[in-house]
Amino acid sequence: MKKLLIISTILIVGGALLLSFRTEPVKVNNSPLLAKDSVGSTKAFMSVYKVLMSARCMNCHPSGDVPLQGDDSHLHTMNVKRGADGHGIYAVRCSNCHQAENTAGLHMPPGNPKWGLPPANMRMVFQGRTPRQLALQLLDPKQNGGRTKQQLIDHMAKDDLVGWAWHPGDGRTLPPMSRTAFVAQVRLWIAKGAYAPSAKAK
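We now turn to the structure provided with this report. (Residues numbered from 1 in each chain as written. Predicted model: local features only at pLDDT ≥ 70, side-chain atom pairs only at ≥ 80, totals over all residues. Heavy atoms only, no water.)

Here the focus is the pattern of salt bridges. Any two side chains of opposite charge can pair, so long as their charged atoms come close to each other. What the rule picks out here adds up to eight salt bridges. Because the salt bridges share partners, they merge into one network encompassing D65, R82 and R123. (Salt bridge = Lys/Arg side-chain N within 4 Å of Asp/Glu carboxyl O.)

Structure, rendered in structure tokens:
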């Protein structure tokens, strides 16, 4: 009887210790999703990174104050500049050429009601960022437009200007995966812990 009591005590204590080291699942919108996984999270972000570095995304997130154009991401012609609100300066406003919808025809001006760059006080640069730099930037509310992780997911999944990248008009290459697959990778990155890749990742 004494041996049974000792064995039971060891099993209970051992079980409690194992539970104390258990990885808690990450929650988004109070729904348990996946346990933290730095390898899986980083792998998912690298897929996200490839989309964000495609011309359809990066052209509106330049390192300077001039938007980029084309699949080769060359500087926008006509001396276009960001301006304080991201919609141009003086008489050279984005809406002069970019309407609420794409203009029909090969390489004609693309369109969206919100067309423009991020504002000068929240530039959200993608161009030239390493995977680690971009991941940390996206997670920082001071650099991502004040968004929480859930709001970041919602932005990627629902914002119609983000969605334009998959409907860019004739003559423009699409991002390297569908929007559905892209959003799934964003969710996976965050659900598994929102880890930033190492500084060596490319």
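Now that the structure is up, let's keep going.
Turning to the environment of V80, a few remarks are in order. With respect to the helices, strands and loops of the structure, V80 is situated in the loop between β4 (74-75) and β5 (88-89). Take V80: its relative accessible area is 11%, and that puts it in the buried class. The spacing of V80 and R93 is 13 residues in sequence and 7.9 Å in space, taken between C-alpha atoms. Setting aside anything within four residues of it in sequence, one finds V80 in contact with D65, V66, P67 and V92. (Helix = DSSP H or I, 4+ residues; strand = E, 2+ residues; numbered from the N terminus. Buried < 20%, exposed > 50% of the residue type's maximum accessible area, 1.4 Å probe, protein only. Contact = heavy atoms within 4.5 Å.)

Turning our attention to the environment of Q137. Position of Q137 relative to the elements: it lies in helix α4 (residues 131-139). By relative accessible area, Q137 is classed as buried at 4%. Between the C-alpha atom of Q137 and that of F126, which follows or precedes it by eleven residues, the distance is 9.2 Å. Those residues in contact with Q137 that lie beyond four places of it in its chain are M124, V125, F126, R129, Q143 and N144.

Within the secondary structure, A196 is located in the segment after α7 (179-191). When the C-alpha positions of A196 and S41 are compared, they lie 8.1 Å apart, and in sequence the two are 155 residues distant.

To continue, consider the state of the cysteines. Within the structure shown, the criterion is met by zero disulfides. C57 forms no disulfide, and the closest cysteine sulfur to it belongs to C60, at a distance of 8.7 Å. Of all cysteine sulfurs in the structure, the one in C94 sits closest to C60, which takes part in no disulfide; the separation is 8.5 Å. (Disulfide = S-S within 2.5 Å.)

What follows covers the side chain of R147. Take R147: it is sitting in the loop between α4 and α5 (149-158). Within the buried core, R147 has no salt-bridge partner, and the shortest N-O distance to an opposite charge, that of D159, equals 5.6 Å. A distance of 2.5 Å separates the side chain of R147 from the backbone oxygen of N144, its partner in a polar contact. A distance of 3.4 Å separates a polar atom in the side chain of R147 from a polar atom in the side chain of H155. Not counting residues up to four positions away in its chain, the partners in contact with R147 are M124, P141, L152 and H155. (Lys, Arg positive; Asp, Glu negative; His and termini not counted. Polar contact = N/O pair within 3.5 Å; in protein donor to acceptor, adjacent residues only side chain to side chain.)

Counting 30 residues, the largest nonpolar core has F45, L52, L138, F182 and W189 as the members making the most contacts within it. Secondary-structure elements contributing two or more residues to this core are α2 (38-52), α3 (55-58), α4, α5 and α7. Considering each element in turn, this core owes the most residues, six residues, to α2. (Core = buried A, V, L, I, M, F, W, Y, C linked by side-chain atoms within 4.5 Å.)

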